[in-house]
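Descriptive analysis of the structure
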Amino acid sequence: HPGGRGNAGGQHHHRILMDKFHPGYFGKLGMRKFHLKRGMDYCPEVNIDRLWSMMPADVYEKAKAGSAEGVPVIDVSKLGYFKVLGKGVLPSIPIVVKAR
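The structure contained in this document is the topic of the report that follows. Please read all numbers here as calculations on a predicted model, not as lab measurements. (Residues numbered from 1 in each chain as written. Predicted model: local features only at pLDDT ≥ 70, side-chain atom pairs only at ≥ 80, totals over all residues. Heavy atoms only, no water.)

A word on the overall build of the chain. Each helix and strand counted, the chain has two helices and four strands in total. In the chain, the succession of helices and strands from N to C terminus is α-β-α-β-β-β. Taking 2.2 N^0.38 as the reference for a compact globule, 100 residues should give roughly 13 Å; the C-alpha atoms of the chain span a radius of gyration of 28 Å, well beyond that estimate. Counting only C-alpha atoms and orienting by the principal axes, one finds that the chain spans roughly 90 × 30 × 20 Å. Counting all 100 residues of the chain, 17% fall into the buried class. Contacts in the chain between residues at least 24 apart in sequence constitute 53% of all its contacts with a sequence separation of at least 6. On the chain, roughly 8500 Å² of surface is accessible, and the fraction owed to carbon and sulfur atoms is 56%. Averaging the positions of the 16 positive and the 8 negative side-chain charges in the chain gives two centres separated by 16 Å. (Helix = DSSP H or I, 4+ residues; strand = E, 2+ residues; numbered from the N terminus. Rg over C-alpha atoms; globule rule 2.2 N^0.38 Å. Buried < 20%, exposed > 50% of the residue type's maximum accessible area, 1.4 Å probe, protein only. Contact = heavy atoms within 4.5 Å. Areas by Shrake-Rupley, 256 points an atom, 1.4 Å probe, with all protein chains shown as cover. Lys, Arg positive; Asp, Glu negative; His and termini not counted. Charge placed at Lys NZ, Arg CZ, Asp CG, Glu CD.)

Encoded structure:
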């Protein structure tokens, strides 16, 4: 039995074969995280050039005309985004953006 019987040498002389064709065969590795809470780093983002496209068109027209109703407010958290990134340009119309 050259090479050993069965799966002999999986961590020794047959390691390349086991790593290549059977990754993860030898159980756990790495450090343990005791109270693992998945989804803590869930943070979908949106760029500022898409902010006005999320609001109704009449709100944009009213803000562009300078109506006396005040500054439009957009809450991106209600739209499923938590972070607002700075890519793009906005028109020079004041707007309030609420994010998490």
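Scanning the model with the defined rule gives three aromatic pairs in all. Between the aromatic rings of Tyr25 and Phe26, the centroid separation amounts to 4.9 Å while the plane-to-plane angle is 85°, which identifies the pairing as edge-to-face. According to the relative accessible area criterion, Phe26 is partly exposed, its value standing at 39%. Measuring from ring centre to ring centre gives 5.1 Å for Trp52 and Tyr60, while their planes differ by 70°; the resulting arrangement is edge-to-face. Owing to a relative accessible area of 24%, Tyr60 belongs among the partly exposed residues under this scheme. (Phe/Tyr/Trp six-rings, centres within 6.5 Å; stacked < 30°, edge-to-face > 60°.)

By themselves, these figures tell us nothing about what the structure is for.
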